[in-house]
Amino acid sequence: MKPAILLLFVFLWSAGAGFGQVKGIITDKASGKPVAYANIWVEDENLGTTSTEKGEFSLGQTNLQGKTLVISCLGYERTRLTIPAGNMKVALVPSAVALSTVTVKKSTKRSKFIINKLDDRTEYSFGSNGTPWIVAQYIPYKSSYAATPFLDEISLVALSNIKNASFRVHLLQVGENGEPGKHLLSVPLMGTAPKGIRTVSLNVSQYDLQMPTKGFFIAFEWLIIKQNRYEPVDPETGEKQGSARISYEPSLRCYGPENKSPNSWIYHQGKWVSTNQREGDAITSATPHFQLTLSN
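Described below are features of the structure shown in this document. (Residues numbered from 1 in each chain as written. Predicted model: local features only at pLDDT ≥ 70, side-chain atom pairs only at ≥ 80, totals over all residues. Heavy atoms only, no water.)

**Comments concerning the packing of aromatic side chains**
All chains considered together, the criterion is met by eight aromatic pairs. On the numbers, 5.0 Å between centres and 45° between planes, the contact of Phe 126 with Trp 133 is tilted. Residue class for Trp 133 comes out buried when judged on its relative accessible area of 12%. A centroid spacing of 4.8 Å and a plane angle of 20° characterise the contact between Phe 167 and Phe 220, whose relative ring orientation is stacked. Of this pair, Phe 167 sits in strand 12 (residues 165-174) while Phe 220 sits in strand 16 (residues 216-222); the two residues are 53 residues apart in sequence, bridging distant segments of the chain. For the residue pair Phe 167 and Phe 220, the accessibility class agrees, reading buried in each case. Each residue in the set Phe 126, Trp 133, Phe 167, Phe 220 and Trp 222 is aromatic and connected to the rest through ring pairs, giving one cluster. (Phe/Tyr/Trp six-rings, centres within 6.5 Å; stacked < 30°, edge-to-face > 60°. Buried < 20%, exposed > 50% of the residue type's maximum accessible area, 1.4 Å probe, protein only. Helix = DSSP H or I, 4+ residues; strand = E, 2+ residues; numbered from the N terminus.)

**Here we look at the environment of Leu 189**
Looking at the secondary structure, you find Leu 189 in strand 14 (residues 189-193). When the C-alpha atoms of Leu 189 and His 170 are compared, they prove to be 6.6 Å apart, with 19 residues separating the residues in sequence. What Leu 189 contacts, discounting residues up to four positions off in sequence, is Phe 167, Arg 168, Val 169, Leu 171, Leu 202, Val 204 and Tyr 207. (Contact = heavy atoms within 4.5 Å.)

**Quick word on the nonpolar core**
In this structure, Phe 126, Leu 151, Leu 156, Leu 171, Phe 216, Ile 218 and Leu 292 are the most contacted members of the largest nonpolar core, which totals 49 residues. If one sorts the elements of this core by residue count, strand 16 sits on top with six residues. Leu 59, Leu 69, Tyr 76 and Met 88 belong to the second largest nonpolar core, which has 18 residues in total. (Core = buried A, V, L, I, M, F, W, Y, C linked by side-chain atoms within 4.5 Å.)

**Remarks on the sheet that holds strand 3 (residues 48-50)**
Taken in spatial order, the four strands line up as 3-2-5-6 in an open sheet, and their pairing is antiparallel. Bordering the open sheet on either side are strand 3 and strand 6 (79-82), each of which pairs with just one other strand. On average, adjacent strands in this sheet sit at an angle of 20° to one another, irrespective of strand direction. Judged from the three bridges that link them, strand 2 (residues 39-42) and strand 3 form a sheet pairing that is antiparallel. When the sheet's bridge partners are listed, Asn 39 is paired in strand 3 with Thr 50. (Pairing = 2+ DSSP bridges. Axes fitted to C-alpha atoms, helices over the stretch in contact; angles between N-to-C directions.)

**Side note on the pattern of salt bridges**
Throughout the structure, instances matching the rule amount to eight salt bridges. For Glu 123, the salt bridge identified is with Arg 121, shortest N-O distance 3.1 Å. A relative accessible area of 34% places Arg 121 in the partly exposed class. (Salt bridge = Lys/Arg side-chain N within 4 Å of Asp/Glu carboxyl O.)

**Overview of the sheet that holds strand 1 (residues 22-28)**
Taken together, the three strands give an open sheet; going across it, the order is 4-1-7, and neighbouring strands pair in mixed fashion. Where the open sheet ends on each side, the last strands, each with one partner, are strand 4 (56-59) and strand 7 (88-92). Averaged over all neighbouring strand pairs, the angle between strand axes comes to 25°, with direction disregarded. Strand direction decides the pairing type here: strand 1 and strand 7, joined by five bridges, are parallel. The residue bridging Gly 24 from the neighbouring strand is Met 88, located in strand 7.

Below, the structure written as structure tokens:
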């Protein structure tokens, strides 16, 4: 009788230990294939993650049942659903993303124009300790850009403690309320940051994308995946310095407080929030510095 009671106790303890933990897999509803690097948030909570290359994800915090999960990924409709008990299988619906219409052909004699030129200052940066933030900078349109209307190259300064930290860049239209809106491209822009402080450039000239007359947003997304995880080690003892020091690389060069952009945003808790509306926390400094090269 005692062994049976012990077995029952172990079963109940195991079930209770996993209660409320969120684990699941994200797939493409049309093909059934896993969806990698989906951005996942518990709505209105400081809790989120990124799906792996196999579409899998987990949120370690318990007691999330009944709250709302917000999932977004390029090429799919944004999805909100109630967190159930037990594991989840989420099928995202593919969305049609229309490319901007190109009406002007590129010149065979190329000239280029640089906006927001980068410099050597790196004292301001913003990183992630495991939160799948997306930070966006608004690039306004000016009539002087008409002679070089095409987006040619996007550059940023990355600060990485590991080799080959992966990140994603988005090009976004301006939404109805001035927030980042729909994607300008239907393909992901993936970047890799080498170890150290380096300028990383993404070539976008092949997309023949013109500078929108309303301006647009350039956004940087952290990928909360195992390959990007960095846990510092004490140089003297060789011991890990604890979970509080864990980061997900890379960090991103930002503007200083005195040069803060008038229209910068952060995707936080499942929605876009203006950094100008935040006070008294690190998010107010999350104004990324992107250099944009235009060409004709």
